[in-house]
Amino acid sequence: MTSASYGPDDGGLEDRVPFLARLESGERTALLALGHELRFAPRVVLLHQREPSSYVLFLVQGWTKVTASAANGYEALLALRGAGDVVGESAALTGRPRSATVTALEPVRAVAVEHARFKEFLERFPAASFALLGLTADRTRAADRRRLEFGAMNVRQRFAVLLLDLARSHGRRTAAGVELAVPLSKQELAGSVGASREMVQRLLRELREKDAVTTGRRTLLIRRPDVLRRIAAAEENTPAIPSPRRP
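This report concerns the structure included in the present document. Remember, it's a predicted structure, so these values are computed and weren't measured experimentally.

Section: the side chain of Arg-28
For Arg-28, the position within the fold is in helix H1 (residues 25–32). At a separation of 2.7 Å, a polar atom in the side chain of Arg-28 contacts the main-chain carbonyl oxygen of Leu-23.

Here is the structure:
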């Protein structure tokens, strides 16, 4: 996985346009100057679900995963956040406990800004408030669009779409195929498509039998994305239409 780095004066934009990239250079510098830098090793939790919140984190380097778990232990992957993104902002603005857990997937650098300072910053820079509002709207719209798309698909299609999306956004091309560079568990993959862990295991077994993927402990290599694309398009099990017979 290529680790992105985002500094106060970096003008680069990611495709998803994270929060820091939506700010003017002076606003970014002022915001990051309000906090202190924290470093996290891979697999270390940055934020814990249901815990009280006192600060917001602005990611400046490294990738994280955002997960949520239900009372019965069911866990879902909600998002992957990287350099330029903000996490924990919802709890800061609402005063409620954190709604998700954020875990480092690789070495992560972040700037922690206390709630009061973040709110003061938004009051001083109204354009930043609109940028945060726009980010929230974009995230909500993307989640709604995914729910709509998934609602019209069966589990096999949803899982194929998820793997293709992960390959595009977090894939690392190798001689054997595209390796997913994010270590996700079967339970997290299952939660992302509204399935059980057992169902994901069965789907992965089917894909291995088709030589479409190779799996290891929290590793997944996509060998034949064309198979995934056919499944996503509901063509995998569609019977071929016989050619008309000549008279």
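Some remarks on the pattern of salt bridges
Summed over all chains, the structure comprises 16 salt bridges. Across the pair Glu-37 and Arg-39 runs a salt bridge whose closest N-O atoms are separated by 3.1 Å. Taking relative accessible area as the criterion, Glu-37 reaches 40% and is therefore assigned partly exposed. When the shortest N-O distance is used, the salt bridge between Arg-172 and Glu-179 registers 3.5 Å. Salt bridges here are not isolated pairs; linked through shared partners, they connect Arg-146, Glu-149, Asp-165 and Arg-168.

A short note on the packing of helix H3 (residues 115–124) against helix H4 (residues 126–151)
If you want to describe how two helices pack, look at the angle between their axes and the distance between the axes. Running from N to C, H3 and H4 point in directions that differ by 110 degrees, and their axes come no closer than 5 Å. Judged on the interaxial angle alone, H4 and H3 are roughly perpendicular. Residue-level contacts link Phe-118, Phe-121, Leu-122, Glu-123 and Arg-124 of H3 to Pro-126, Ala-128, Ser-129 and Leu-132 of H4. Taken together, the residues of the contact of H3 with H4 break down into 6 nonpolar, 1 polar and 2 charged.

Brief notes about the sheet that holds strand E12 (residues 219–222)
Overall, antiparallel pairing links the 4 strands, which are arranged E9-E10-E12-E11 in an open sheet. Both outer strands of the open sheet, strand E9 (171–173) and strand E11 (213–216), are each paired with one neighbouring strand and no more. Neighbouring strand axes in the sheet, compared pairwise and without regard to direction, differ in orientation by 25 degrees on average. In this sheet, strand E10 (residues 178–180) lies alongside E9 in antiparallel orientation, the contact comprising 3 bridges. Bridging across to E10, Arg-172 finds its partner in Glu-179. Against the sheet, helix H7 (residues 197–209) contacts E11 and E12, and its axis sits at roughly 130 degrees relative to E11.

A few points about the packing of aromatic side chains
According to the stated counting rule, one finds 3 aromatic pairs in the structure shown. A centroid spacing of 5.6 Å and a plane angle of 65 degrees characterise the contact between Phe-58 and Phe-118, whose relative ring orientation is edge-to-face. Remark: Phe-118 occurs in helix H3 and Phe-58 occurs in strand E3 (residues 55–61); sequence separation between them is 60 residues. Residue classification places Phe-58 among the buried residues on the basis of a relative accessible area of 0%. Taken together, Phe-19, Phe-58 and Phe-118 form an aromatic cluster joined through their ring pairs. Its guanidinium or amino end placed over the ring of Tyr-55, Arg-98 lies 5.1 Å from that ring's centre, counting from NZ or CZ.

Procedures and definitions
Residues numbered from 1 in each chain as written. Predicted model: local features only at pLDDT ≥ 70, side-chain atom pairs only at ≥ 80, totals over all residues. Heavy atoms only, no water. Helix = DSSP H or I, 4+ residues; strand = E, 2+ residues; numbered from the N terminus. Polar contact = N/O pair within 3.5 Å; in protein donor to acceptor, adjacent residues only side chain to side chain. Salt bridge = Lys/Arg side-chain N within 4 Å of Asp/Glu carboxyl O. Buried < 20%, exposed > 50% of the residue type's maximum accessible area, 1.4 Å probe, protein only. Axes fitted to C-alpha atoms, helices over the stretch in contact; angles between N-to-C directions. Parallel < 35°, antiparallel > 145°, perpendicular 65-115°, else oblique. Contact = heavy atoms within 4.5 Å. Nonpolar A, V, L, I, M, F, W, Y, C, P; charged D, E, K, R; others polar. Pairing = 2+ DSSP bridges. Phe/Tyr/Trp six-rings, centres within 6.5 Å; stacked < 30°, edge-to-face > 60°. Lys NZ or Arg CZ within 6 Å of the ring centre and 35° of its normal.

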